[in-house]
Amino acid sequence: MLLTVTTTHRPATDLGYLLVKHPDKVHSFDVPTGTAHVLFPDAAEDRCTAALLLDVDPQRLGAARGGRRQQAAPESFTLGQYVNDRPYAASSLLASALAKVFRSALRGESRDRPELAGTPLPLEIHVPVLRGTVELATCLFEPLGWAVTAEPIPLEPELGGDSRYVDLRLVGELTVAAALNHLYVLLPVLDDAKHYWVAPDEIDKLLRAGEGWLAGHPERVLITRRYLAHRRSLAASALEQLDRDEPDTVDAPVDTAADEDAELPVARRQSLAEQRREAVLAALAESGAARVLDLGCGGGALLGALMKDKRYTEIVGTDVSSRALDLAHRRLHLDRVPERQRDRVRLWQSALTYRDDRLKGYDAAVLMEVIEHLDASRLPALQASVFGHARPATVVVTTPNAEYNVLYEGLTGMRHSDHRFEWTRAEFAAWTAETADAHGYDVTIRGVGEADERHGSPTQMAILTRKEAT
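A brief structural summary. Owing to the predicted nature of the structure, the values given are computational and were not obtained by experimental measurement.

1. Comments concerning the overall build of the chain
Looking only at helices and strands, the chain features 16 helices and 16 strands. Considering the chain as a whole, with its 470 residues, one finds that 50% of them fall into the buried category. Sequence separation of at least 24 residues holds for 71% of the intrachain contacts in the chain that already meet a minimum separation of 6. Counting only carbon and sulfur atoms, one obtains 50% of the accessible surface of the chain, whose full area is about 22300 Å².

Following this line, the structure appears as structure tokens:
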């Protein structure tokens, strides 16, 4: 199977530096299912093409799937060992080879052309044979800035009609890293099959490759489910994390089909993540805070919203995960924003269950969808460190409302695989009241999201105000 990447950037042979492959050589790599070759059929000053050719060995493909726990797979991977389309149609086999041979390029790293690695270049991607439909290829790639040309591949003349394969061309101006990450995720999504057992670590691969674009993609649910081989629990976990980190900067798609006579298009409904973020921002504005802590900031979605508001003179994000802080740093573009803007923001590694003197003296702190990720036995330590030691004037806490879960179709158990508990409204009210009484705070509880008459709102929010600060 074949994939080509072409640029007309001058000098076009810089593509070799970005892919870490010399254009004058043929590079071969052993992969679990065969051999991957990288070569440059065209390498001139004004145009350069890199080709990834994957030669699949049917016996090695069978061995790669044998010896592993088998999962239900679409027809494409349950055909016979030799009579199948796997050596020819782009799929997860090609995506895996791409990840191995272009590892640095996928990360956006280039030792020789570091400034060019982050620069959008004119690119053309060609995948001559891809399992999928014209419509699906278009709706997956167009929202990412690609001009899509997908031509159905006809069957033999005596049969007539079109096959289930397309010839795909993408044209756009993107970074090489963005282009490769789009392909890494969407090739197996279009094929709707994977050649290996999909384990929980696939969530991290998806979130890493989808950083900056998947959370706001209009087809993110379809992408997530197909990429994770329709494993419901994995997809639910990934979507929960995407929902938490969904960026505010993505333009909302509109639906004009709902009312053809309407003068204005109908905007999509706000996601729960957006509603939750807006509720937290409103509570912070009401408090009059200027110096704010985002405790357990994750990928930095709330930090980005805080940075847009000049009322916040100091913004601190903390997380126990260094990887999360790295994601937040990249998401906020802290290495590129003006110095005055950068000086307002701090990212610190810190655990919520340990006292940290750096967190003392702030106007407000936010625990947005954080407490449920701790073991219940660790909550007293959090109460002592946040409310007893740091003692911000205002603390805003949000957490899922367990009573609302029955309204989510197909949900069994909790909303996220990492949740240690999810509380009813009564349980949350009891915990916040106990915390407020023990540490000298007043508490107000609100619902976030569309409320159900019987089960309440999907998210519950508490605003705790220190008594001597009122």
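2. Remarks on the sheet that holds strand S11 (residues 314-319)
One open sheet holds the seven strands; their spatial order is S12-S11-S10-S13-S14-S16-S15, and the pairing between them is mixed. This sheet does not close on itself; its edge strands, each paired only once, are strand S12 (345-349) and strand S15 (441-448). Ignoring which end each strand starts from, the neighbouring axes of this sheet average 15° apart. Bridging between strand S14 (residues 394-400) and strand S16 (residues 459-466) involves seven bridges; their strand directions are antiparallel. Of the residues in S16, the one forming a bridge with Thr 399 is Gln 460. On the sheet, helix H13 (residues 322-331) packs against S11 and S12 and is oriented at approximately 165° with respect to S12.

3. A word on helix H15 (residues 379-390)
An α-helix turns once every 3.6 residues. As a result, residues three or four positions apart point the same way. Between its first and last C-alpha, H15 extends 15 Å over 12 residues, near the 16 Å set by a 1.5 Å rise per residue. Taken together, the buried positions of H15 are occupied by Leu 379, Leu 382, Gln 383, Ser 385, Val 386, Phe 387, His 389 and Ala 390. Of the surrounding secondary structure, the elements contacted by the buried residues of H15 are strand S10 (291-295), strand S13 (364-368), S14, helix H16 (425-439), S15 and S16. Within two residues after H15, Arg 391 carries a phi angle of roughly 50°, on the positive side.

4. Structural notes on the packing of helix H6 (residues 134-141) against helix H7 (residues 176-191)
In the contact formed by H6 and H7, the axes pass within 11 Å of each other and the chain directions differ by 155°. Classified by the interaxial angle, the pair formed by H6 and H7 is roughly antiparallel. Relative to H7, the crossing made by H6 is right-handed. The segment H6 lies against H7, with Leu 136, Ala 137, Leu 140 and Phe 141 engaging His 182, Leu 183, Leu 186, Val 189 and Leu 190. Looking at the contact of H6 with H7 residue by residue, the class counts come to eight nonpolar, one polar and no charged.

5. Considerations on the side chain of Gln 460
The topology assignment puts Gln 460 in strand S16. Among the residues examined, Gln 460 registers a relative accessible area of 3% and is labelled buried. Looking at Gln 460, its side chain comes within polar contact range of the main-chain oxygen of Pro 400, at 3.1 Å. Residues within four places of Gln 460 in sequence aside, it is in contact with Val 397, Thr 398, Thr 399, Pro 400, Asn 401, Trp 423, Thr 424, Arg 425, Phe 428 and Arg 446.

6. With respect to the sheet that holds strand S2 (residues 27-31)
The strand order S2-S3-S4-S1-S5-S7-S6 describes an open sheet built from seven strands, whose pairing is antiparallel. Two strands lie at the open edges of the sheet, namely S2 and strand S6 (147-154), each paired on one side alone. Here the strands of the sheet are splayed against their neighbours by 15° on average, with no regard to which way each runs. The pairing of S2 with strand S3 (residues 34-43) spans five bridges and is antiparallel. Directly across from Phe 29, in S3, lies its bridge partner Ala 36. Contacts between helix H3 (residues 92-101) and the sheet are confined to strand S1 (2-7), S2, S3 and strand S4 (48-56), with S4 contributing the most and set at about 120° to the helix. Against the sheet, H6 engages S6 and strand S7 (162-174), with an angle of about 165° to S6.

7. As for the pattern of salt bridges
Summed over all chains, the structure comprises 16 salt bridges. With a shortest N-O distance of 3.3 Å, Arg 466 and Glu 468 are connected by a salt bridge. Classification of Arg 466 by relative accessible area gives buried; the value is 17%. A network of salt bridges, in which partner residues are shared, links Arg 391, Arg 466 and Glu 468.

8. With respect to unusual backbone geometry
In the segment running from Arg 10 into Pro 11, the intervening peptide bond is cis, with an omega of -10°. Looking at the secondary structure, you find Pro 11 in the loop between S1 and helix H1 (14-19). A positive phi is found at Arg 391, a non-glycine position, where the angle reads about 50°. Looking at the secondary structure, you find Arg 391 in the loop between H15 and S14.

9. Observations regarding the environment of Leu 222
Position of Leu 222 among the secondary structure elements: in helix H9 (residues 220-227). The exposure class assigned to Leu 222 is partly exposed, which follows from its relative accessible area of 28%. It is 9.5 Å that separates the C-alpha atoms of Leu 222 and Leu 140, two residues lying 82 residues apart in sequence. Discounting residues that sit within four places of it in the chain, Leu 222 has contacts with Leu 136, Leu 140 and Val 189.

10. A look at the environment of Asp 363
Within the fold, Asp 363 resides in the loop between S12 and S13. Residues Asp 363 and Glu 314 lie 49 residues apart in sequence; the distance between their C-alpha atoms is 9.9 Å. When residues no more than four places from it in sequence are discounted, the contact partners of Asp 363 are Ala 289, Ala 290, Arg 291, Pro 392, Ala 393 and Thr 394. Within the local environment of Asp 363, its side chain forms a polar contact with the backbone nitrogen of Arg 291, the two atoms lying 2.9 Å apart.

11. Re the packing of aromatic side chains
On inspection of all chains with the given rule, the structure shows five aromatic pairs. Where Phe 387 meets Tyr 441, the ring centres are 5.4 Å apart and the plane angle is 90°; that geometry is what we call edge-to-face. Taken together, the residues Phe 387 in helix H15 and Tyr 441 in strand S15 connect sequence positions 54 residues apart. Assessed through its relative accessible area of 1%, Tyr 441 is described here as buried. Ring pairs connect the aromatic residues Phe 421, Trp 423, Phe 428 and Trp 431, which therefore count as one cluster. Sitting above the plane of the Tyr 17 ring, Arg 113 keeps its charged end 3.9 Å from the centroid. Over the face of the ring belonging to Tyr 362 we find Arg 291, whose NZ or CZ atom lies 4.2 Å from the ring centre.

Definitions and limits used
- Residues numbered from 1 in each chain as written.
- Predicted model: local features only at pLDDT ≥ 70, side-chain atom pairs only at ≥ 80, totals over all residues.
- Heavy atoms only, no water.
- Helix = DSSP H or I, 4+ residues; strand = E, 2+ residues; numbered from the N terminus.
- Buried < 20%, exposed > 50% of the residue type's maximum accessible area, 1.4 Å probe, protein only.
- Contact = heavy atoms within 4.5 Å.
- Areas by Shrake-Rupley, 256 points an atom, 1.4 Å probe, with all protein chains shown as cover.
- Pairing = 2+ DSSP bridges.
- Axes fitted to C-alpha atoms, helices over the stretch in contact; angles between N-to-C directions.
- Expected span 1.5 Å × (residues − 1).
- Parallel < 35°, antiparallel > 145°, perpendicular 65-115°, else oblique.
- Left-handed = near helix turned anticlockwise from the far one by under 90°.
- Nonpolar A, V, L, I, M, F, W, Y, C, P; charged D, E, K, R; others polar.
- Polar contact = N/O pair within 3.5 Å; in protein donor to acceptor, adjacent residues only side chain to side chain.
- Salt bridge = Lys/Arg side-chain N within 4 Å of Asp/Glu carboxyl O.
- Phe/Tyr/Trp six-rings, centres within 6.5 Å; stacked < 30°, edge-to-face > 60°.
- Lys NZ or Arg CZ within 6 Å of the ring centre and 35° of its normal.

All we've got here are geometric facts, nothing functional implied.
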